[in-house]
Amino acid sequence: MGAVTAIQAIRYARHERKAAENFTTPVDDHDLPMPLDYYVWAIHRDGHPPVIVDTGFGAAAAAARGREITRPIRKGLRDAGIDRLGVTDVILTHLHYDHAGGLTDFPNARFHVQDAELAFATSRHVCDHETRAPFDGEPVAELVRRLYADQVVFHDGDEDYAPGIGLRLVAGHTAGLQAVVCETERGAVVLASDAAHLYANLTRRVPFPIFIDEAQYVRAQERVLALAGGSLDHLIPGHDPLVLACFPSENDIARVDLAPHTPITEML
Ligand SMILES: [Zn+2]
Ligand SMILES: [Zn+2]
């Protein structure tokens, strides 16, 4: 039996968009709708508070970027049975606005981030407006404030976070993107975050068009799939509506530690 007893994918926002916006190269179905969902994840183990993976974004970022919040993070966590004030540890897969925008919802947590990610997000690369676009300054500034309050834990490359939970630096999309590998009763489940926005990015072998190193991004996609044993059913992308459609779910919360009721490959 795996050390991880449950993993929840909690949807909080959505963005309607066309397929063409989700791939680096032209696609045949470019004009078809291919919306993105936005999630935070909660990893449960016996005897520990849940580890939260990513923090989402709030109303201001949603308004500024034209995203629709389907349920505020605080309410989503409550509906998932999680007391956010009791959360002691949050893993940040990376610092894009939709993953790091809710740090203040976790006043008592330590934030786990890759060295390369915070270094990049506070470096001269931010002066380039295209590179900066998916980041917001305030979440990065908040993380620096937390650093000075001893609430940041740095990780350098692949590390074991805790029994049954591993961090894997895959980069490409950002400098320090980390995937989270969870040992569950059905084997490894990989929270790939934006190493794969959508299952289709993996099956088409074409990444999402936001990256700092495209070749590294392709390798990141290959790596998260390998970490999942080559099985899409064991890989949870960062933004795919199929997660809610295929895994046992209720009230926009999917249990991704359980096997999907419909194999992902049947939906693609
Ligand atoms: Zn991202
Ligand atoms: Zn994202």
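Remember, it's a predicted structure, so these values are computed and weren't measured experimentally.

1. Some remarks on the environment of R67
Along the polypeptide, R67 turns up in the loop between α1 (59-65) and β4 (68-69). Separated by 150 residues in the primary sequence, R67 and Y217 place their C-alpha atoms 25 Å from one another. Excluding residues within four positions of it along the chain, R67 makes contact with R14, H15, R17, Y38, F57, A62 and Y97. Reaching out from R67, the side chain makes a polar contact with the backbone oxygen of R65 at a distance of 2.8 Å.

2. Focus: helix α6 (residues 137-148)
With 12 residues, α6 extends 17 Å from end C-alpha to end C-alpha; this agrees with the ideal 16 Å at 1.5 Å per step. Those residues of α6 lying buried are P139, V140, E142, L143 and R146. Relative to the axis of α6, the buried residues are bounded by an arc of 160° and lie together on one face. Exposed side of α6, more than 90 degrees from the buried face: G137 and Y148 are the residues found there.

3. Focus: the coordination of the zinc ion (ligand 1)
When a metal carries six donors in an octahedron, the ideal angles between them are 90 or 180 degrees, while four donors in a tetrahedron ideally lie at 109.5 degrees. For the zinc ion (ligand 1), the full set of protein donor atoms is H94 (NE2), H96 (ND1), H173 (NE2) and D194 (OD), at a range of 2.1 to 2.2 Å. Bound by 4 donor atoms, the zinc ion (ligand 1) shows angles of 89 to 168° at the metal and therefore irregular coordination geometry. Each donor residue of the zinc ion (ligand 1) belongs to the same chain, and together they define the spacing H-x1-H-x76-H-x20-D. The zinc ion (ligand 2) is placed at 3.6 Å from the zinc ion (ligand 1), the two being bridged by D194. Placement of H94 in the loop between β5 (89-91) and α3 (97-100) and of H173 in the loop between β9 (165-169) and β10 (178-184) is noted, with a sequence separation of 79 residues between them. Assessed through its relative accessible area of 0%, H94 is described here as buried.

4. Considerations on the coordination of the zinc ion (ligand 2)
The protein atoms that coordinate the zinc ion (ligand 2) are D98 (OD), H99 (NE2), D194 (OD) and H239 (NE2), at distances spanning 2.1 to 2.2 Å. Each of the 4 donor atoms around the zinc ion (ligand 2) contributes to a set of angles spanning 90 to 153°, which defines the coordination as irregular. On the primary sequence, the residues serving as donors to the zinc ion (ligand 2) are separated as D-H-x94-D-x44-H.

5. Notes on the sheet that holds strand β11 (residues 187-193)
Spatial strand order, β8-β9-β10-β11-β12: 5 strands in an open sheet with mixed pairing. Where the open sheet ends on each side, the last strands, each with one partner, are β8 (159-162) and β12 (235-237). When strand polarity is set aside, the average angle formed by the axes of neighbouring strands in this sheet is 25°. When β11 meets β12, the two strands line up parallel, connected through 3 bridges. Bridged to V190 within β12 is L235. Against the sheet, helix α8 (residues 214-227) makes contact with β9, β10, β11 and β12, and its axis sits at roughly 155° relative to β11, the strand it touches most.

6. Focus: the nonpolar core
Ranked by internal contacts, the top residues of the largest apolar core, which has 86 residues, are I43 and L191. With 7 residues, strand β2 (residues 36-45) is the single largest residue contributor to this core. Leave out the neighbours within four places in its chain, and L191 touches I7, W41, I43, V53, A179, V180, C182, I236 and V256.

7. Section: the packing of aromatic side chains
The final tally for this structure, using the stated rule, is 6 aromatic pairs. In textbook terms, an aromatic cluster arises when at least three aromatic residues are bridged by ring pairs, as seen for Y12, Y38, F57 and Y97. It is R65 that lies over the ring of Y97; its NZ or CZ is 3.8 Å from the centre.

8. Quick notes on unusual backbone geometry
A positive phi is found at N251, a non-glycine position, where the angle reads about 55°. Looking at the element boundaries, N251 is found in the loop between β13 (249-250) and β14 (253-255). Phi angles above zero are rare outside glycine, and D252 is one such case at about 65°. Positionally, D252 belongs in the loop between β13 and β14. With a relative accessible area of 27%, D252 lands in the partly exposed category.

9. Observations concerning the pattern of salt bridges
Following the criterion strictly, the structure yields 15 salt bridges and no others. Among the salt bridges present, the one from D79 reaches R71, with a minimum N-O distance of 3.0 Å. Look at D79 and you get partly exposed, because its relative accessible area is 33%. On the basis of relative accessibility, which here comes to 7%, the residue R71 falls in the buried class. Put simply, R255 and D257 hold a salt bridge, and the shortest N to O gap is 2.7 Å. Residue classification places D257 among the buried residues on the basis of a relative accessible area of 7%. Residues participating in the shared-partner salt-bridge network are R11, R14, E16, D37 and D252.

Quick notes on the rules
Residues numbered from 1 in each chain as written. Chains lettered and ligands numbered in written order. Predicted model: local features only at pLDDT ≥ 70, side-chain atom pairs only at ≥ 80, totals over all residues. Heavy atoms only, no water. Helix = DSSP H or I, 4+ residues; strand = E, 2+ residues; numbered from the N terminus. Contact = heavy atoms within 4.5 Å. Polar contact = N/O pair within 3.5 Å; in protein donor to acceptor, adjacent residues only side chain to side chain. Expected span 1.5 Å × (residues − 1). Buried < 20%, exposed > 50% of the residue type's maximum accessible area, 1.4 Å probe, protein only. Arc of directions from axis to C-beta. Donors = N, O, S within 2.8 Å, 3.2 Å for Na, K, Ca; no water. Tetrahedral: all angles 85-135°; square planar, octahedral: opposite > 155°, others 65-115°. Pairing = 2+ DSSP bridges. Axes fitted to C-alpha atoms, helices over the stretch in contact; angles between N-to-C directions. Core = buried A, V, L, I, M, F, W, Y, C linked by side-chain atoms within 4.5 Å. Phe/Tyr/Trp six-rings, centres within 6.5 Å; stacked < 30°, edge-to-face > 60°. Lys NZ or Arg CZ within 6 Å of the ring centre and 35° of its normal. Salt bridge = Lys/Arg side-chain N within 4 Å of Asp/Glu carboxyl O.

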